[in-house]
Every structure is written in C-alpha cells, then in structure tokens.
Amino acid sequence: MTIEPTTITVKPTLIGLTRARLRDALIAAGVPEKQAKMRVQQLWGWLYVQGVSDFAAMTDVSKTLRAELERQFSLVRPEIVTEQVSSDGTRKWLMRLPVIGREARPPEVECVYIPEADRGTLCISSQVGCTLNCTFCHTGTQKLVRNLTPQEIVGQVMLARDRLGDWPGREKPADGLIPTGDRAITNVVLMGMGEPLYNFDNVRDAMEIAADGEGLSLSKRRITLSTSGVVPEIPRWGEEAGTMLAISLHAVRDELRDSLVPLNKKYPIAELLDACRNYPGLSNARRITFEYVM
C-alpha cells in the first residue's frame, strides 16, 4: 500500500547521534554542561527504549527544555514512499531521505523485514546505490549517490519498529503475521543497498547505537554485516564493531568471481579468506556466513 508522505523537516535530528555527539548537541543547544550527562541518559531512554517521536512525550524533561529541543531539533524518521506486505508477513519499505547538499531530488533506499517462527530479521541499507557492479545485484545497476548518515541508518530501525509496534505498550499490526514475543525485530543484517564497509564510520556509529544495552539493545551476535570482500576493512570492523560477519562469496574460483563480483580483481579469494581466518573474535560460537547465489 502507499503511505501518505510526511514532511521532512530541515531541523537536525537527534536520532542516530552517539552518546558523545548527543551530549555535544545538547550543550550547543544551551543545556548546562553539568546537566548534560543526565539529560543524555534521559533522552536516550525516550528515544531508544520508548521510541517516542515527539518531545512532548518526554514527561521527565522540563517543559522549557522540551520546547527548546522542539525548536532546534527533530526526531524524524525516513519518509515511507511505499509499504508492501507479503502473505507470510515479510514487509518491504521504500524510504525517502532528506536532500543533502546539492542533491537534485530526495534519495530513496529499501528496508525489508522478514519474520520467522523464532526471529524477526530487519535488512537495512548503508548507501544509496553502489559502486561494486555485482552482476546478480539490482543495486549494482544503480550508480552510487551517497553514503547514508548514522541518522539515516538508525532511522531505518526506528521506522521499522514504529510500523511493527515494536515498542513497549505499542500494538503490533492487526494482520497477525508478526512473531509473538517481546520483540518483533530480533536481528539486523546490513545486506540492503550498498557496501557497508565503504561507509565504515557511519555504519559503525549506527551499530554502536543499535547494540547499546540501555537503548535498542541488540546483541552484537544478532547484528550481521555483509561485505563483498573489502579485505583491508574486515579486521578493522571486527576490532571496532565486533558484530557477526557475512561474505558475499558466490564463487570459489577467481576467474568466475572476477566476473560475478568485480571487487575480486582487487581482493582475490585467497586474500579474502585469509582476512576471514583472522577476523577478531572468530570462534565456534561466532562463525562467518558465506553467501552464495545458486
């Protein structure tokens, strides 16, 4: 179905700021430095535990501060262009993002929710378009427009939780297709549009928020980054982010993989597998997934 578009505000959003950057933003907005740590903790709970989208709902924050936050910031999510719901409960959203810089029109990305009996997986995007030109991937036919910001990456999770009623006290969709339990979204996979390791810093900051135990609280073992094989960034991701890893492999011979995944010409299979063997934290309990199109 088509969702009535919302207005994308030009005010900066507090969604997607790390704790340190949220603190800086609050101080810049006039919050006394001595109060900043406490205010960050308050807002963090409202944003990522309660999922509020209106400053007025933050009842333990003074009305004066709420009004000032409303004046300077937003809690906006991406705009939904279309929402498609399959008979098995799979949901796909086409999301429109705010214009940044000299973009001629608002860019759009996709986000998909896949429910199963024991889990609910959200597949999110990290770039608008892609540079890798993998032959089996539709995104590879689109030129790279830009990297997504941490706000836009976290915003996909927030919007999905809004639509799935995945916040305390919220009702789940009436179609009965969402798994029962405390959470609709139990897993996040970076397998949407783009190569996440080519947007390393923004994706890392977004996943830091997703894995924060006092917020969205997703276990790092339930966050999986999928890469086409950006070998130099694989150990760095393991050290700085520590999530699960998936390799978009699709061939075991360089000649074939050069054709299917052109990045292989730069980082051939032997180098890629060596990076996998040395991935920080690799163990029997934390294994790497290899993806293969048959």
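Everything in this summary refers to the structure shown in the same document. (Residues numbered from 1 in each chain as written. Predicted model: local features only at pLDDT ≥ 70, side-chain atom pairs only at ≥ 80, totals over all residues. Heavy atoms only, no water.)

Things to note about the overall build of the chain
Okay, step 1: For the chain, the helix and strand inventory stands at 8 helices and 10 strands.
Okay, step 2: At 20 Å, the chain has a C-alpha radius of gyration in line with the 19 Å of a compact globule built from 294 residues.
Okay, step 3: The dimensions of the chain, computed from C-alpha atoms along their principal axes, are 65 × 45 × 45 Å.
Okay, step 4: Here the chain holds 294 residues, and 51% of them are scored as buried.
Okay, step 5: Sequence separation of at least 24 residues holds for 61% of the intrachain contacts in the chain that already meet a minimum separation of 6.
Okay, step 6: When the accessible surface of the chain is summed, it comes to about 14,400 Å², and 51% of that surface belongs to carbon and sulfur atoms.
Okay, step 7: Side-chain charges of the chain comprise 36 positive and 36 negative groups, with the mean position of each set lying 3 Å from the other. (Helix = DSSP H or I, 4+ residues; strand = E, 2+ residues; numbered from the N terminus. Rg over C-alpha atoms; globule rule 2.2 N^0.38 Å. Buried < 20%, exposed > 50% of the residue type's maximum accessible area, 1.4 Å probe, protein only. Contact = heavy atoms within 4.5 Å. Areas by Shrake-Rupley, 256 points an atom, 1.4 Å probe, with all protein chains shown as cover. Lys, Arg positive; Asp, Glu negative; His and termini not counted. Charge placed at Lys NZ, Arg CZ, Asp CG, Glu CD.)

Considerations on the pairing of strand S3 (residues 108-115)
Okay, step 1: Bridge analysis of strand S2 (residues 91-96) against S3 gives 6 bridges, and the strand direction is antiparallel. If you follow Lys-92 over to S3, its bridge partner there is Val-112.
Okay, step 2: Taken together, the 4 bridges between S3 and strand S4 (residues 120-123) define a ladder with antiparallel strand orientation. By the bridge assignment for S4, Pro-115 is matched with Gly-120.
Okay, step 3: Between S3 and the antiparallel strand that follows it, S4, lie 4 residues. (Pairing = 2+ DSSP bridges.)

Some thoughts on unusual backbone geometry
Okay, step 1: Phi angles above zero are rare outside glycine, and Asn-133 is one such case at about 60°.
Okay, step 2: Within the element layout of this structure, Asn-133 appears in the loop between strand S5 (127-128) and strand S6 (146-147).
Okay, step 3: Here His-250, not a glycine, exhibits a phi torsion of approximately 70°, which is positive.
Okay, step 4: Looking at where His-250 falls in the secondary structure, it is placed in the loop between strand S9 (244-248) and helix H7 (254-260).

Some details on the packing of helix H5 (residues 200-210) against helix H6 (residues 233-240)
Packed helices, taken two at a time, are described by their axes: the angle between them and the distance between them.
Okay, step 1: Direction vectors running N to C along H5 and H6 enclose 25°, while the axes themselves pass 11 Å from each other. One way to sum up the angle between H5 and H6 is to call them roughly parallel. Considering the relative orientation of H5 and H6, their crossing is right-handed. Facing Phe-200, Asp-201, Val-203, Arg-204 and Met-207 of H5, the residues of H6 in contact are Glu-233, Arg-236, Trp-237 and Glu-240. (Axes fitted to C-alpha atoms, helices over the stretch in contact; angles between N-to-C directions. Parallel < 35°, antiparallel > 145°, perpendicular 65-115°, else oblique. Left-handed = near helix turned anticlockwise from the far one by under 90°.)

Re the nonpolar core
Okay, step 1: If you look at the biggest cluster of nonpolar residues, it comprises 78 residues, and the most contacted ones within it are Leu-14, Trp-93, Leu-122 and Met-207.
Okay, step 2: Tallying contributions element by element places helix H4 (residues 150-164) first for this core, with 7 residues.
Okay, step 3: For Leu-122, the contacting residues outside a window of four places in its chain are Trp-93, Cys-111, Val-112, Tyr-113, Gln-156, Val-157, Ala-160, Ile-185, Asn-187, Val-188 and Val-189. (Core = buried A, V, L, I, M, F, W, Y, C linked by side-chain atoms within 4.5 Å.)

Details of the state of the cysteines
Okay, step 1: Inspection of every chain in the model, using the stated rule, returns 0 disulfides.
Okay, step 2: No disulfide involves Cys-111; its sulfur sits 7.3 Å from that of Cys-123, the nearest cysteine.
Okay, step 3: Taking relative accessible area as the criterion, Cys-111 reaches 0% and is therefore assigned buried. (Disulfide = S-S within 2.5 Å.)

Things to note about the pairing of strand S7 (residues 187-190)
Okay, step 1: Because side chains alternate across S7, one face comprises the buried residues Asn-187 and Val-189, and the other comprises Val-188 and Leu-190, equally buried.
Okay, step 2: When S4 meets S7, the two strands line up parallel, connected through 3 bridges. Across the sheet, residue Thr-121 finds its bridge partner in S7, namely Asn-187.
Okay, step 3: Summarising the sheet, S7 and strand S8 (residues 223-227) pair through 3 bridges and their orientation is parallel. Along S8, the bridge assignment pairs Leu-190 with Leu-225.

Describing helix H3 (residues 63-72)
Because the α-helix completes a turn every 3.6 residues, residues three or four places apart line up on one side.
Okay, step 1: Those residues of H3 that fall on the buried side of the exposure criterion are Leu-65, Arg-66 and Leu-69. On an axial view of H3, the arc spanned by its buried residues comes to 100°, and they lie on one face. Relative to its buried face, H3 has exposed residues pointing more than 90 degrees away, namely Lys-63, Thr-64 and Arg-71.
Okay, step 2: Where the residues of H3 are buried, they touch helix H1 (19-28) and helix H2 (33-50). (Arc of directions from axis to C-beta.)

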